[in-house]
Amino acid sequence: MCGIFAYLGSKSSIKECLNGLKLLEYRGYDSAGIAAIKNNKLIHFKASGKIEALEKKINLKDLKLDLAIGHTRWATHGSAIEKNAHPHFDDKQNVAIVHNGIIENYDILKKLLISKNYKFRSDTDTEVIAQLISSNYKNDLVESTIKSLKELKGSFAIALIHKNHPNEIIAASRESPLAIGFNDKKTEVIISSDPNAFSGRNLNVIFLKNDEIAHIKNQEIRIINLKNKTLKKTFEKINAKNIKFSKKGFEHFMLKEIFDQPSTIQKAYLGRMTENEGLVEFEDLKLSKSFLSKIDNIIITACGTSHHAALIAKSLIEEKANILVSAEIASEMRFKTPILTKNTLVIAISQSGETADTIAAIKTAKEKGAKILSIVNVENSSLSRISDSSIFLKAGIERSVCSTKAFSSQITVLYLFAIFLSRLKSMQKKEAILLLTELKKIPSKVRKILKNTSIIEEKAKKYSKFENFFFLGRNLMYPTAMEAALKLKEISYLHASAYPAGEMKHGPLALIDSKLAIIAFSSNKKTYDKMLSSLMEARARNAKILAFATKNSYGIEDIADDVIWLDNTIDELSIFPSTIAAQLFAYFIAKIRKTDIDQPRNLAKSVTVE
Ligand code: F6R
């Protein structure tokens, strides 16, 4: 969370920073700020809220400066007000710093600095770093930074400047990603929290490892360690010149990304399956088939929407490949003792590849010798770099904080992976052919939903009057219900709880009355009759019911108040139409309720703090 963007080069640094921050805004939008050096003095601009508010405060005409550091904040320490916006400064206004991460011993350091008469202006942990560097400064900025970093506990990605060093930026990282890039002509150096801010540029890039420091002086980059020893580094080419962000005429990125899905689902399977042979192959899979065929235990770890994909994968892999799978929420897995043997595979699922909890869980498993496969959208992300192998979603950049297309791509890849593993075990060619042929039909079924969204919009209007929702499903429709409930909560700020329908009678039924809406996902043939019984029980207690059901369902229209009819498909794939229709349902409710759909309150796209 939080985005850092710094620029040193031939263009207007403040303008470049503003543009860079806009590309990173999805990482946090509580406040934003920029600092630069003008006439040997630090200058800065800060605003609470989005970059737009910051931009309004800056008159670019008077500011043709070579160097600037910028930040867009997701609040951790201190509320989302202007005084807590980054950059932060030392007492003497010599050092300006932007920071992503959490300094765990900030309180001890702050008390120590206060006892030495340092005055603090914000409630943040970041201000401590600026004060510490200033207190350790004896004309050598690199040395004072090294000395200070050794005193810090916790995680950080930082970029800092000092008024006495007008041509220098120092950047450093520990457990928090930071990339440094320069163009071929060496006229520009850019520091960014993630490669998304490199769009429109062709750069040579390095990702800092733990406790590495980049000392940038007049566009020369030196990477050093905490002993001030220069490290030999190879920069990799990232060509993002043609990457542009556009809503393509849609009102929100979320809607655009929902509509991207017929093509992104296709991209996730194209070139990876030969349906008439019943075969699946993943390019560049760096795990040997002899290892994969011996796997008897899989642990899948992820957060949020990606965790819902993990729950779906668990069912698919257990059923098809007969391998024991556990789906662990990453923030919990770290504190458990997972059983890892030489035949265990650990899979991490993440859109961003930067989720701190997922990375931490993976690191623990890796230390214990587990093989890690990541299923990730952002190539070059921290997660893909620490994994033994990665399968990329190829969904393109997802801008809306609320994940949509990444989820359907995750499901596509995991479905293929389940078939791939099953074929290494005992799945017959005939079954694989059937499963793959059905997958190929999904994009056109999704297109049908997208062609006629007015039915979903109309139901959203009716159900937007409710404040409380139960989302129910069974079997694969249960994680589908969890995902659909999360979408509604996230963007409409309404209360929505997901339950396996059979659990209702064990407690939640007590909450049912005419003020509660039930959103039922019944597209699972195996559990259809049992699902109807659960809905009958809710109906008898006056709940309002909206069902998402396949066209070949019988009897649901007699129980539910409203039905959104979806194309038939096999149980294993019914997640797709149900999820995409539910994404639209959440979108339309949020629109009616006039929330900030692409950037919902309190959230951020990349959750880079634990
Ligand atoms: C929900 C959502 C989040 C993310 C979660 C994990 O719409 O976007 O729940 O799924 O923060 O993020 P990634 O997949 O980037 O690890």
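Residues numbered from 1 in each chain as written. Predicted model: local features only at pLDDT ≥ 70, side-chain atom pairs only at ≥ 80, totals over all residues. Heavy atoms only, no water.

## A closer look at the overall build of the protein chain
For the protein chain, the count of helices and strands is 19 helices and 26 strands. Its C-alpha radius of gyration of 26 Å places the protein chain within 12% of the 25 Å reference for a compact globule of 610 residues. Projected onto the principal axes, the alpha-carbon positions of the protein chain cover approximately 80 × 55 × 45 Å. Burial analysis of the protein chain (610 residues in total) assigns 62% to the buried set. Accessible surface, the protein chain: about 24,100 Å² in total, of which carbon and sulfur atoms supply 50%. Once the 91 positive and 67 negative side-chain charges of the protein chain are each reduced to a mean point, those two points are 3 Å apart. (Helix = DSSP H or I, 4+ residues; strand = E, 2+ residues; numbered from the N terminus. Rg over C-alpha atoms; globule rule 2.2 N^0.38 Å. Buried < 20%, exposed > 50% of the residue type's maximum accessible area, 1.4 Å probe, protein only. Areas by Shrake-Rupley, 256 points an atom, 1.4 Å probe, with all protein chains shown as cover. Lys, Arg positive; Asp, Glu negative; His and termini not counted. Charge placed at Lys NZ, Arg CZ, Asp CG, Glu CD.)

## Digging into the sheet that holds strand β8 (residues 168–174)
With antiparallel pairing, six strands are arranged side by side in an open sheet as β5-β6-β7-β8-β12-β13. Edge positions in the sheet fall to β5 (88–89) and β13 (220–224), since each of these pairs with one other strand and no more. Pairing of strand β6 (residues 95–103) with strand β7 (residues 154–162), which is carried by nine bridges, proceeds in the antiparallel orientation. For Ile-97, the partnering residue across the bridge sits in β7 and is Leu-160. Here helix α4 (residues 126–136) sits on the sheet and contacts β5, β6 and β7; the angle it forms with β6, its principal contact strand, is near 130 degrees. (Pairing = 2+ DSSP bridges. Contact = heavy atoms within 4.5 Å. Axes fitted to C-alpha atoms, helices over the stretch in contact; angles between N-to-C directions.)

## Things to note about the site of the ligand
Around the ligand there are 15 residues in total, and Ser-306, Ser-350, Ser-352, Thr-355 and Glu-490 lie nearest to it. Between the ligand and the protein, one listed contact pairs an oxygen atom with a backbone N or O atom of Gln-351 at 2.7 Å. Within the residue set of the shell around the ligand, elements represented by two or more residues are α9 (304–321) and α16 (477–492). Residues belonging to the shell around the ligand are distributed by class as follows: five nonpolar, eight polar and two charged. Structurally, the shell around the ligand is a two-domain feature, drawing no fewer than three residues from each of domain 2 (253–448) and domain 3 (453–592). (Near = heavy atom within 4 Å. Polar contact = N/O pair within 3.5 Å; in protein donor to acceptor, adjacent residues only side chain to side chain. Nonpolar A, V, L, I, M, F, W, Y, C, P; charged D, E, K, R; others polar. Domains from an automatic or database assignment.)

## Quick word on empty space enclosed by the protein
Applying the stated criterion to the full structure yields three cavities of 30 Å³ or more. In this model, the largest cavity occupies a volume close to 90 Å³. Forming the boundary of the largest cavity are 13 residues, of which Tyr-26, Asn-196, Ser-352, Val-378 and Ser-606 lie nearest the centre. If you add up the space inside the second largest cavity, you get close to 70 Å³. The wall of the second largest cavity is formed by Cys-2, Arg-73, Trp-74, Thr-76, His-77, His-86, His-99, Asn-100, Gly-101, Thr-124, Asp-125 and Thr-126. Sort the elements by how many residues they give to the lining of the second largest cavity and β6 lands first, with three residues. Among the residues making up the lining of the second largest cavity, the classes are represented as two nonpolar, eight polar and two charged. (1 Å grid on protein atoms, 1.4 Å probe; cavity = no way out; pocket = protein on both sides within 12 Å on 5 of 7 lines; lining within 4 Å. Points joined across faces, edges and corners; volume = space filled by probe spheres on them.)

## A look at the side chain of Glu-275
The residue Glu-275 is located in the loop between β15 (273–274) and β16 (279–280) in this model. Among the polar contacts made by the side chain of Glu-275, one reaches the side chain of Lys-440 at a distance of 2.8 Å. Leave out the neighbours within four places in its chain, and Glu-275 touches Ile-433, Leu-436, Thr-437 and Lys-440.

## Points about the domain arrangement of the protein chain
What the domain assignment reports for the protein chain is domain 1 (3–239), domain 2 (253–448) and domain 3 (453–592). Between the C-alpha centres of domain 2 and domain 3 there is a distance of 26 Å. Around 2,500 Å² of area is buried between domain 2 and domain 3 when both sides are counted, 74% of it from carbon and sulfur atoms. Taken together, the connections running from domain 2 to domain 3 amount to three salt bridges. Among the ionic pairs, Glu-572 bridges to Lys-320, the shortest N-O distance being 2.7 Å. (Buried area = accessible area lost by both parts, 1.4 Å probe. Salt bridge = Lys/Arg side-chain N within 4 Å of Asp/Glu carboxyl O.)

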